[in-house]
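# A structural walkthrough
Residues per chain, in single letters:
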Amino acid sequence: MKIETCYRCETILNTENSSDEHIIPNSCGGRLKSKILLCKKCNSFFGEKYDKIIADQVNFLANILNIKRDR
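Residues numbered from 1 in each chain as written. Predicted model: local features only at pLDDT ≥ 70, side-chain atom pairs only at ≥ 80, totals over all residues. Heavy atoms only, no water.

## Re unusual backbone geometry
- Its identity is not glycine, yet E10 carries a phi of approximately 65°, on the positive side.
- Mapped onto the elements of the fold, E10 is located in the segment before β1 (21–22). (Helix = DSSP H or I, 4+ residues; strand = E, 2+ residues; numbered from the N terminus.)

## Things to note about the state of the cysteines
- This model, assessed by the stated rule, comprises 0 disulfides.
- Left without a disulfide partner, C6 is nearest to the cysteine sulfur of C42, which lies 3.6 Å away.
- Taking the relative accessible area as the measure of exposure, C6 reaches 1% and is therefore buried.
- Sulfur of C9: no disulfide; nearest cysteine sulfur belongs to C6 and is 3.7 Å away. (Disulfide = S-S within 2.5 Å. Buried < 20%, exposed > 50% of the residue type's maximum accessible area, 1.4 Å probe, protein only.)

## Here's the deal with the pattern of salt bridges
- Scanning the model with the defined rule gives 2 salt bridges in all.
- Among the salt bridges present, the one from D20 reaches K35, with a minimum N-O distance of 3.5 Å. Placement of D20 in the segment before β1 and of K35 in the loop between β2 (33–34) and α1 (40–64) is noted, with a sequence separation of 15 residues between them.
- A salt bridge links D56 to K52, with the shortest nitrogen-to-oxygen separation between them at 2.9 Å. Taken together, the residues span about one helical turn, with D56 and K52 both in helix α1 at a distance of 4 residues.
- Classification of D56 by relative accessible area gives exposed; the value is 52%.
- Accessibility expressed as a relative area gives 44% for K52, which makes it partly exposed. (Salt bridge = Lys/Arg side-chain N within 4 Å of Asp/Glu carboxyl O.)

Right, dumping it as structure tokens:
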């Protein structure tokens, strides 16, 4: 059995620190998720820092095109 680790900080992932990471950001309609990429802390970091920038840029277009999001 392979032990999964966070790609950013290399913390061993378990049920307490794993999180659903959207492969394509939710703001772009991404529905594909993984629990074996990032820990909660790193997922929050990327969400607040990078995913927010993408969301801000595509939000208008996503609303116009009525892109379904995971909510």
